Every structure is written in C-alpha cells, then in structure tokens.
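So you can see what is in the structure, the chains are spelled out below.
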Amino acid sequence: MNVRVARGAWARGCGAWNFPRPPPGAVDVAELLRDAAVEEPRAAAARRLPGQCSVLLFPGQGSQVVGMGRGLLRYPRVRELYAAARRVLGYDLLELSLRGPQEALDRTAHCQPAVFVASLAAVEKLHHLQPAVIENCVAAAGFSVGEFAALVFAGAMEFSEGLYAVKVRAEAMQEASEAAPSGMLSVLGRPQSKFSFACLEAREHCKAAGIESPVCEVANYLFPDCRVISGHLEALQFLQKNSSKYHFRRTKMLPVSGAFHTRLMEPAMEPLAQVLKAIDVKKPLVSVHSNVNGNKYMHPKHIQKLLVQQVVSPVKWEQTMHAIYERRKGTEFPRTFEVGPGKQLGTILKNCNLQAWKAYSPVEAMEAEDTDQDL
C-alpha cells in the first residue's frame, strides 16, 4: 500500500476490552508509518531533509471550546471516529463538542476525551489535505492529555484503547479534584520572578489559615518566565492578591476543576495504571516526547510508567520544545502543525523558539474554511 494514497484512521478495536471494531476500510496509523518506512532508502533520505520534515503538537485540557470539530466533519472517517468514541464513552461526544453547553464540556470527565478525539480528527484532516506531512513526521508531543493523542498517532496504542485510558484518567482526575477546593493559575512573570519562593509563601499562608498539607507548586513550564501554578484555591488566591510582591506581570485562573499535575491527583494514579497494564503498548513509530522529562520514549514500559507519573508531575513543555527543536546553527527547522482545538501551543512555541515558530501552522478544527488548502 502506498502511504500517499492510504487513508488514515485511529479507530481500531481491542478485543480484551471489548472495544468497538474499526470502521470498514479503516487503516491504522501504524500501518501508514510502516509503509512510509519501507520505501527506498534514497527516496526516504531525500524526503527527510530538515525543512521537509514535520512535527505534530497535540493540545491539552483548556483548549476545548463549543463548536470544535465542526470544521473537520467533511473529512474522511471523522464522523466514524466520533461514532467509535460514542461506543467507548457511552455518550454523544460529537453533540457535546458541537453544541455544549460550555459548562458541561469544561468538566474534566468530558473535555479530556473531547480534546483527544478532536485532535486525532484534525490529524485526519491534515492527512487528507497534505499526506506528505504525515509521511514526513519525525516527532510528536502532546500537552498533558494530548500526550495520549500523540501516542495513538505514533502507533503506540490504538484509538479505542487510548480513548478508554483517557476516559478513566479524566473521570479519576475529576473525582480527585472534587476532594478539595483547588485549581490552576497561569502566571506570566518577569526574569526576577521567584516562582518557588512565591509557592512556599503561599503554602505558609494556607497553613496559617488551617489547611493541612497545603499544595502550591509549579505544574506547567510553558516558556521563559511563564508558568502554571497548581494548588489549593486559598494558595492561588493569595498569589493573585500578592502578585506585585513576586514580580508577576499577569495572573489568570484556568478553566479547570482541580490542581492537576500535583500530588492532589494521587487518587487518579491507580485507576490509570490498571488500564495501561491491560493495553498492548508498542514502541512509537515516530519520536514521542514525555511531559515528565521532555525525553523521547524509548520503550513501551516507559510509556506505561510515565503516563501514570505524569498525572502528579509538572508538564515540562518548555524543556520538550528545546529537546525537539535543538539543532546546529544554520539547520532548517521542521514544519510544525498544531493538531486540535486552539492555537495555544503555537503561542508557546513562539516564545520558546521564534525561528521554529516561523514554520508553524494550526490545523483549524472549528468551521470549515476555504483556506483549508493553504495549511
């Protein structure tokens, strides 16, 4: 099968979990990438010049918005992806994504599966419009739950398996977030900002207010001087009130329900670990970088271990961007595509590496546009 005309889909089933079978004619992304890998070496080398390679970035929770997916429905098998998702989840994810309400879509239990499916549907659109981008992909990374979509794209797990793991993860994180008033605060700082010291003082404030074992720590490293801090709401409110003391330029509460990527999410670890043990995780066919350390996954066991650890560990996205785009001076950067709702990862890339960002394009997931061919 020639990968240039092969049709991509990520809806293969898993008998062990009684997941839905793939739609008729569906082709696993792993098959697409294997076919690309066995072409003539000389042709492959010519195709993989640095400027012709591509990197795919998958967004995470917080990028969800009512209407996402509407611009993807006219591409092959996107509706079938959503039909498969309905069988796995037990509710109509497409209806929720298209019509909301936003409050329901924002619930952790809903938005993580919604972003996961919309991102892989965006890959389907990208493959339809520019199959060479999929052929020439050399690396992928996903922000938090986006890492599951990146791994499915790279053939490390199948669509239904990945979605089921996301479902369990999201529901467990939703339950953990309801155990204590907590959240996440985006902080744009200055070079003199002391994030760790600010978190320390916020924890001391919480202790004085009677909160036992308060949590307040950096949960996301986005780009220089920009962090997301997770913890008890009392701690985050303290940071907002005292932002000038810590040289914070701007703070904003994120539309999430809990202190993700901190120890407050520990109750979510075991349910996710049990699901991942039952999944046949394979070595990715393209490089996928872990949120935990920014490094490429080298072995399936690492994937199972680090995906669980990721729930309570900070997302090292800034470090991941450096790992993906580090290159000798004068070497071209790959084309980068953000596949999924929003353009937040593009904004972060611009602040991490301006030269790499110049070759960035988002894959629009909202209303279909006449400019789609110009991706």
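Residues numbered from 1 in each chain as written. Predicted model: local features only at pLDDT ≥ 70, side-chain atom pairs only at ≥ 80, totals over all residues. Heavy atoms only, no water.

Caption draft 1: Just a positive patch on the surface, in detail. On the surface, R190, R249, R250 and K252 cluster together into a positively charged patch. Of note, K252 is situated in strand β6 (residues 250-253). A residue is classified by how much of its surface remains accessible, and K252, at 55% relative accessible area, is exposed. (Patch = residues over 30% accessible without salt bridge, like charges linked within 9 Å, V, L, I, M, F, W, Y side chains within 5 Å. Areas by Shrake-Rupley, 256 points an atom, 1.4 Å probe, with all protein chains shown as cover. Salt bridge = Lys/Arg side-chain N within 4 Å of Asp/Glu carboxyl O. Lys, Arg positive; Asp, Glu negative; His and termini not counted. Charge placed at Lys NZ, Arg CZ, Asp CG, Glu CD. Helix = DSSP H or I, 4+ residues; strand = E, 2+ residues; numbered from the N terminus. Buried < 20%, exposed > 50% of the residue type's maximum accessible area, 1.4 Å probe, protein only.)

Caption draft 2: Structural view of the confidence of the model for the chain. Here the chain averages 87 in pLDDT, and 85% of its residues register 70 or above. Note on residues 1-46: pLDDT is under 50 here. Beyond four places in sequence and across chains, it has 98 contacts. (pLDDT = per-residue confidence, 0-100. Contact = heavy atoms within 4.5 Å.)

Caption draft 3: Highlighting the side chain of T262. Position of T262 among the secondary structure elements: in the loop between β6 and α12 (269-278). For T262, a relative accessible area of 0% corresponds to the buried category. Within the structure, T262 has its side chain in polar contact with the backbone oxygen of A259 (distance 2.8 Å). Contacts of T262, omitting those with residues within four sequence positions, involve V215, E217, S230, V311 and V312. (Polar contact = N/O pair within 3.5 Å; in protein donor to acceptor, adjacent residues only side chain to side chain.)

Caption draft 4: Geometry of the sheet that holds strand β8 (residues 315-316). Judged by pairing direction, the sheet is mixed, and its 5 strands sit side by side in the order β6-β3-β5-β4-β8 without closing on themselves. The open sheet has two edge strands with one neighbour each: β6 and β8. (Pairing = 2+ DSSP bridges.)

Caption draft 5: Molecular detail of the pattern of salt bridges. According to the stated counting rule, one finds 8 salt bridges in the structure shown. Two residues, R227 and E318, come together in a salt bridge whose shortest N-O distance is 3.5 Å. On the criterion of sequence distance, the pair formed by R227 in strand β5 (residues 226-232) and E318 in helix α14 (residues 317-325) is long-range, its members being 91 residues apart. One exposure class covers both R227 and E318, and it is buried.

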